[in-house]
Amino acid sequence: MNLKQKDRKGISKRRRRRRNLVKLYLAVFVLSVCFLSVLALKEKTKPEDREDNLITSLANIDSSIPEAEKLSDGSLDLQNLTSKDAMLSELTSGIAIGEKNSQDRVYPASLTKIMTAILAIEHTPDMNQTMTLPSDIFPDLYAQNASMAGFQPGEEVRFEDLLYGVLLPSGAECCLGFSDYIAGSESAFVDLMNEKAKELGMRNTHFCNSTGLHDEDHYTTVEDMSILLRYALKNEEFRTVFTSTSHSTQPTNQNPQGITFQSTMFKNLEDSRVTNGEILGGKTGYTQEAGLCLASLALVNNKEYILVTAGAGGTHQTRQFNILDAVNVYSQIGNLDGK
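Novice: Go over the pattern of salt bridges, please, and point to the residues and values.
Specialist: Working definition: two side chains of opposite charge can pair if their charged atoms are close together. This structure, assessed with the given rule, holds six salt bridges. One salt bridge in this structure joins Arg 158 and Asp 161, with 3.2 Å as the shortest N-O distance.

Right, here's the structure in full:
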């Protein structure tokens, strides 16, 4: 082999070595990148981090659920109440905690007066003013044996006293007094009631009168009444009257000594205390068709709840099963929250 051939062969070997070195360097580089990537991925997903992330995620989910909603996972029982229909809600959030036939149509009886009262407040600029109760509203109320507050035809009455008369003794004459003053007639006032119901989303409610006297076309659901009560309790004046045990009216031309009203709920409630709480207020209702009804407010373990029930057996003369149901349910909440 001559010198020239040896040189060419040497050059060829050096070129192959360089190519091999380049390939080796590239392979090492790729392997290094892959190795570092695996380490990074492993670091991100190591067990303790995954556990911490899971705990954090669960904590975030748990804290986003209002306490009232978690309560529904306990042993709260509304199915064995004497009332056929019931809806229990946490007042602030409006979350339903328990229900029984809550979307079934019921006759609301005097729970109707919750709507009458809140509209009276919203449409009466000055509750210290007075009005004369029209004489022509009384004969029909007497004929239907409607519940009355005790005012007389032609009596000069303060609007504030009429308002207490609507909610505490469930006075039908007070409802018609407001109807006449605000809308000119009860039928026109009922239009306002149905408009308000629609505005509030009470989709299964239709009013025919301001008093709750029975009418086949006058109906609601306990779910809808819960919506109404929650709305009304946002009004401080309504809340004050709703939670009152009694009220004495100012002297009038017909009642010089005034009249003292008692809440139809509190006078039948021997003890307002429940387990870890207290019943703060309520509005009862009764007709033969509606049964015993109640819309109430309670404070249990520093949280407020509302309960609406309808269709309990009994009458005004029997045990007040609607009130007993409320004591039962609120005490259950106290027991569950207290665990």
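From this point, the discussion proceeds with the structure in view.
Novice: Tell me about unusual backbone geometry, and name the residues and values.
Specialist: Of note in the backbone geometry, Asn 301 takes a positive phi value of approximately 50 degrees without being a glycine. Relative to the helices and strands, Asn 301 is located in the loop between strand E9 (291–300) and strand E10 (303–312). Overall, the relative accessible area of 31% leaves Asn 301 in the partly exposed class. In this structure, Asn 302 takes a positive phi of about 65 degrees despite not being glycine. Along the chain, the position of Asn 302 falls in the loop between E9 and E10.

Novice: Provide a residue-level description of the packing of helix H4 (residues 112–123) against helix H6 (residues 159–167), including the pertinent values.
Specialist: The geometry of H4 relative to H6 is characterised by a closest axis approach of 9 Å and an angle of 165 degrees between their N-to-C directions. One way to sum up the angle between H4 and H6 is to call them roughly antiparallel. Every pair of crossing elements has a handedness; the one defined by H4 and H6 is left-handed. Here Lys 113, Ile 114, Ala 117 and Ile 121 of H4 lie close against H6, whose contacting residues are Leu 163, Val 166 and Leu 167.

Novice: Summarise the environment of Leu 269; cite the residues concerned and give the values.
Specialist: Considering the arrangement of structural elements, one finds Leu 269 in the loop between strand E6 (260–262) and strand E7 (273–274). Taking the C-alpha atoms as reference, Leu 269 lies 8.7 Å from Gln 320; in sequence the two are 51 residues apart. Non-local contacts of Leu 269, meaning those with residues more than four positions away in its chain, are made with Ile 279, Ile 323 and Val 327.

Novice: Account for the sheet that holds E10, with residues named and values stated.
Specialist: The six strands lie next to each other as E2-E1-E10-E9-E8-E7, forming an open sheet whose pairing is antiparallel. Looking at which strands have only one partner, the edges of the open sheet turn out to be strand E2 (96–100) and E7. Judged from the eight bridges that link them, E9 and E10 form a sheet pairing that is antiparallel. Bridge pairing links Leu 297 to Ile 306 in E10.

Novice: Give me the lowdown on H4, citing residues and values where you can.
Specialist: Over its twelve residues, H4 runs 17 Å from end to end, which matches the ideal 16 Å to within 8%, given 1.5 Å per residue. Three or more residues of H4 are buried, namely Thr 112, Lys 113, Ile 114, Met 115, Thr 116, Ala 117, Ile 118, Leu 119, Ala 120 and Ile 121.

Novice: Go over the packing of H6 against helix H7 (residues 172–183), please, and point to the residues and values.
Specialist: Close contact between H6 and H7 brings their axes to 8 Å; oriented N to C, the two are set at 130 degrees. With respect to H7, the axis of H6 lies oblique. Between H6 and H7, the residues in contact are Phe 159, Leu 162, Leu 163, Gly 165 and Val 166 and Cys 174, Cys 175, Phe 178 and Tyr 181, respectively. Of the residues belonging to the contact of H6 with H7, the class tally is eight nonpolar, one polar and no charged.

Novice: Quick one: what's the story with the pairing of strand E1 (residues 85–90), residue by residue and with numbers?
Specialist: The buried count for E1 comes to six of six residues, which makes it a mostly enclosed element. Neither face of E1 is open: one carries Asp 85, Met 87 and Ser 89, the other Ala 86, Leu 88 and Glu 90, and all of them are buried. Examined bridge by bridge, E1 and E10 share six bridges and lie antiparallel to one another. Looking at E10, one finds that Ser 89 is bridged to Ile 306. As paired elements, E1 and E2 share four bridges and run antiparallel to each other. Looking at the pairing, Leu 88 lines up with Gly 98 of E2. What sits between E1 and E2 in their antiparallel hairpin is a turn of five residues, with Gly 94 showing a positive phi close to 80 degrees.

Novice: Outline a negative patch on the surface, listing residues and values.
Specialist: A surface patch of like charges, here negative, comprises Asp 215, Glu 216, Asp 217 and Glu 289. Note on placement: Glu 289 falls in the loop between strand E8 (277–287) and E9.

Novice: Kindly report on the layout of surface pockets, identifying the contributing residues and their values.
Specialist: Of the voids in this model, the largest pocket is the one considered here, and its volume is about 560 Å³. Considering each element in turn, the lining of the largest pocket owes the most residues, five residues, to E8. Grouping the constituent residues of the lining of the largest pocket by class yields six nonpolar, 18 polar and four charged. For the second largest pocket, the calculated volume is near 190 Å³. The wall of the second largest pocket is formed by Asn 268, Leu 269, Glu 270, Asp 271, Arg 319, Gln 320, Ile 323, Leu 324 and Val 327.

About the thresholds
- Residues numbered from 1 in each chain as written.
- Predicted model: local features only at pLDDT ≥ 70, side-chain atom pairs only at ≥ 80, totals over all residues.
- Heavy atoms only, no water.
- Salt bridge = Lys/Arg side-chain N within 4 Å of Asp/Glu carboxyl O.
- Helix = DSSP H or I, 4+ residues; strand = E, 2+ residues; numbered from the N terminus.
- Buried < 20%, exposed > 50% of the residue type's maximum accessible area, 1.4 Å probe, protein only.
- Axes fitted to C-alpha atoms, helices over the stretch in contact; angles between N-to-C directions.
- Parallel < 35°, antiparallel > 145°, perpendicular 65-115°, else oblique.
- Left-handed = near helix turned anticlockwise from the far one by under 90°.
- Contact = heavy atoms within 4.5 Å.
- Pairing = 2+ DSSP bridges.
- Expected span 1.5 Å × (residues − 1).
- Nonpolar A, V, L, I, M, F, W, Y, C, P; charged D, E, K, R; others polar.
- Patch = residues over 30% accessible without salt bridge, like charges linked within 9 Å, V, L, I, M, F, W, Y side chains within 5 Å.
- Areas by Shrake-Rupley, 256 points an atom, 1.4 Å probe, with all protein chains shown as cover.
- Lys, Arg positive; Asp, Glu negative; His and termini not counted.
- Charge placed at Lys NZ, Arg CZ, Asp CG, Glu CD.
- 1 Å grid on protein atoms, 1.4 Å probe; cavity = no way out; pocket = protein on both sides within 12 Å on 5 of 7 lines; lining within 4 Å.
- Points joined across faces, edges and corners; volume = space filled by probe spheres on them.

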